[in-house]
Amino acid sequence: MRRDDELLAAYVDGVSELTADERRHVEELLARDPALRTDEAQTRTLIDQLRSLPPEGTEPDWTAMERAIAGEVGDKVPRPWWRPSWRWLVPASALALAAAVFALWIHAPAPATTPVVATPSDAGAAPIAPPEDELATMPLWLDGEEVEIDLAADELLEVDRALLGEDDGLTPGLLPVDNLAWIDELDVDDIEVAEAWLGRKKG
Amino acid sequence: MDVFAASPSILEPLAHVTAADPDLELAERFREGDRAAFDQLVRRHQKPLWRLVRRYVKRDADAADVTQQAFVRAFKALATFRGAASVRSWLYRIAINCALSWLRDHRREEASEIADDALTATNPAPAQLIAGEDTAALRAAIAQLPPKQKLVLELRVFDDLSFKEVAELAECTENTAKVNFHYAVKKLRELLVGDHDAP
């Protein structure tokens with residue numbers, strides 16, 4: 001528990017360093033307590049005695065000490081270990097960042113042509129490419145040009161399955177690009193169906 | 001005490017900032033590479049630093065060596081001085097650390113020297129004896145103070161530090177420094193005149 005008079009010595013020897021509240025508090029105590037005023041006087045006397053104490057020992061030769069210190073530390077001002085670094089760190093970092101952005105821009109991959117399929121249960125996970133037999137689209141050679149075909153489109157079923165040789169392992173209803181022999185086997189009806197479909201596709 | 005344990009290289013920012021530090025400009029100039037600024041700091045502070053060290057280290061020559069060592073350490077660390085405390089109290093802390101480190105290394109030697117000095121001291125004249133008795137009694141009383149109170153009293157009375165700077169060095173609040181100062185004075189009065197009211 002703090003005593004009321006414990007700032008008395010600081011009041012005696014440094015009243016200007018007390019806060020206004022501290023000063024007012026001690027002055028109020030002094031005004032109503034004669035014993036404390038006696039304490040104040042004795043404290044003042046003791047502090048004066050302490051201040052008048054001669055320093056211990058015999059002082060050295062200050063010029064010699066200054067020379068000795070100067071000789072020991074040398075002429076080179078030491079630098080903090082981090083100071084030489086950060087001076088070039090900022091421009092170096094900026095340069096490295098610019099180089100990284102440029103490299104990314106140069107080597108950025110083209111947009112994927114094969115779509116990826118994600119199911120709701122895969123939300124948040126990396127997309128996984130579907131197996132070959134589950135492709136959603138497939139490029140086909142039609143009328144002299146490559147056309148992207150939606151494998152789920154019903155209109156493909158209009159193509160004569162017999163012409164496609166389902167036993168050959170081909171996807172039913174598709175006209176493969178790499179082997180165009182089936183074209184020779186198309187009859188007029190097939191060609192009409194195919195041309196009509198192609199017309200709609202180009203549309 | 002914790003204040004003695006910290007080395008200058010790991011000084012933490014101190015609690016109070018001295019608003020108008022007359023040494024700060026010299027520290028800034030030194031940081032910018034002005035070697036002569038350090039010489040000015042040495043000239044300004046070598047005497048009070050030696051007196052501070054001399055209170056710990058009892059031989060003049062040793063005190064000079066320790067003071068020199070403190071300045072060498074300050075030279076190496078001044079470029080990293082952050083200005084959280086005054087340059088003066090920063091230097092004082094380095095000096096106290098150096099003095100205590102020296103005492104740890106020379107504890108036996110120091111005790112032996114003091115005993116030898118007492119045996120070979122010349123007898124003072126009667127007038128000196130009276131004054132000397134007072135001085136010796138005061139010094140003996142100071143030596144009996146609890147460490148924190150002794151530190152606060154000496155920094156305040158002998159080194160003329162502000163309570164703010166005393167608090168920085170004693171690692172306490174300014175108010176605690178004032179209270180410690182009060183109890184140090186009260187304890188001295190008790191030791192010197194037999195006043196038993198002190199806590």
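Quantities reported herein were computed from a predicted structural model and do not represent experimental measurements.

In terms of helices and strands, chain B carries ten helices and zero strands. Taking all 199 residues of chain B together, 49% fall into the buried category. For chain B, the share of sequence-separated contacts (at least 6 apart) that also reach a separation of at least 24 residues comes to 69%. Approximately 9,200 Å² of chain B is accessible, and the part contributed by carbon and sulfur atoms is 53%.

Before going further, it helps to examine the overall build of chain A. When helices and strands are counted, chain A shows seven helices and two strands. Tracing chain A from N to C terminus, the helices and strands come up as α-α-α-α-α-β-β-α-α. For chain A, buried positions account for 25% of its 203 residues. Across chain A, the fraction of contacts at a sequence separation of at least 24, relative to all contacts at a separation of at least 6, is 40%. Here chain A displays about 14,200 Å² of accessible surface, and carbon together with sulfur accounts for 58% of that area.

Glancing now at the pattern of salt bridges. In this structure the tally under the stated criterion is 28 salt bridges over all chains. Lys186(B) is the partner of Asp5(A) in a salt bridge, and the nearest nitrogen-oxygen pair spans 3.8 Å. Linking Asp5(A) in the segment before helix H1 (8-12) with Lys186(B) in helix H10 (residues 174-193), this pair reaches from one chain into another. For the pair Asp5(A) and Lys186(B), a shared accessibility class is recorded, and that class is buried. With a shortest N-O distance of 2.5 Å, Arg43(B) and Glu66(A) are connected by a salt bridge.

Time to look at the interface of chain A and chain B. The partner chain B presents 52 residues to the 46 residues of chain A that form the contact. Summed over both sides, the interface of chain A with chain B buries roughly 4,400 Å², with 58% coming from carbon and sulfur. Contact with chain B buries surface across chain A, with Glu17(A), Leu50(A) and Glu56(A) losing the most and accounting together for 15% of the total. Taken together, the connections running from chain A to chain B amount to twelve salt bridges. Where Glu56(A) meets Arg139(B), a salt bridge forms, and the shortest distance between an N and an O atom there is 3.8 Å. Counting across the chain A and chain B interface gives 20 residue pairs in polar contact (both at pLDDT 80 or more). Among the elements of the structure, H1, helix H3 (34-51) and helix H4 (62-73) of chain A are those that each provide at least two residues to the side of chain A that touches chain B. Here the residues of the side of chain A that touches chain B are counted per class, giving 21 nonpolar, eight polar and 17 charged.

Secondary-structure assignment places Glu6(A) in the segment before H1. Of note is the side chain of Glu6(A), whose polar atom sits 3.1 Å from the side chain of Tyr183(B). With residues near it in sequence (within four places) discarded, Glu6(A) still touches Lys178(B), Val179(B), His182(B) and Tyr183(B).

For the rest of this paragraph, the subject is the nonpolar core. Nonpolar side chains in soluble globular proteins generally cluster together in the buried interior. Leu50(A), Phe38(B), Leu153(B) and Phe181(B) are the most contacted members of the largest nonpolar core, which has 78 residues in total. Sorting elements by how many residues they give to this core places helix H5 (residues 87-105) of chain B first, with eleven residues. Excluding residues within four positions of it along the chain, Leu50(A) makes contact with Leu138(B), Ile142(B), Leu153(B), Val157(B), Phe158(B) and Leu188(B).

What follows is about the packing of helix H2 (residues 24-31) of chain B against helix H3 (residues 36-56) of chain B. Residues and elements named next belong to chain B. The geometry of H2 relative to H3 is characterised by a closest axis approach of 8 Å and an angle of 145 degrees between their N-to-C directions. Across the interface between the two elements, Leu-26, Arg-29 and Phe-30 from H2 touch Ala-37, Phe-38, Gln-40, Leu-41 and Arg-44 from H3. Its residues assigned to classes, the contact of H2 with H3 shows five nonpolar, one polar and two charged.

What counts as what
- Residues numbered from 1 in each chain as written.
- Chains lettered and ligands numbered in written order.
- Predicted model: local features only at pLDDT ≥ 70, side-chain atom pairs only at ≥ 80, totals over all residues.
- Heavy atoms only, no water.
- Helix = DSSP H or I, 4+ residues; strand = E, 2+ residues; numbered from the N terminus.
- Buried < 20%, exposed > 50% of the residue type's maximum accessible area, 1.4 Å probe, protein only.
- Contact = heavy atoms within 4.5 Å.
- Areas by Shrake-Rupley, 256 points an atom, 1.4 Å probe, with all protein chains shown as cover.
- Salt bridge = Lys/Arg side-chain N within 4 Å of Asp/Glu carboxyl O.
- Buried area = accessible area lost by both parts, 1.4 Å probe.
- Polar contact = N/O pair within 3.5 Å; in protein donor to acceptor, adjacent residues only side chain to side chain.
- Nonpolar A, V, L, I, M, F, W, Y, C, P; charged D, E, K, R; others polar.
- Core = buried A, V, L, I, M, F, W, Y, C linked by side-chain atoms within 4.5 Å.
- Axes fitted to C-alpha atoms, helices over the stretch in contact; angles between N-to-C directions.

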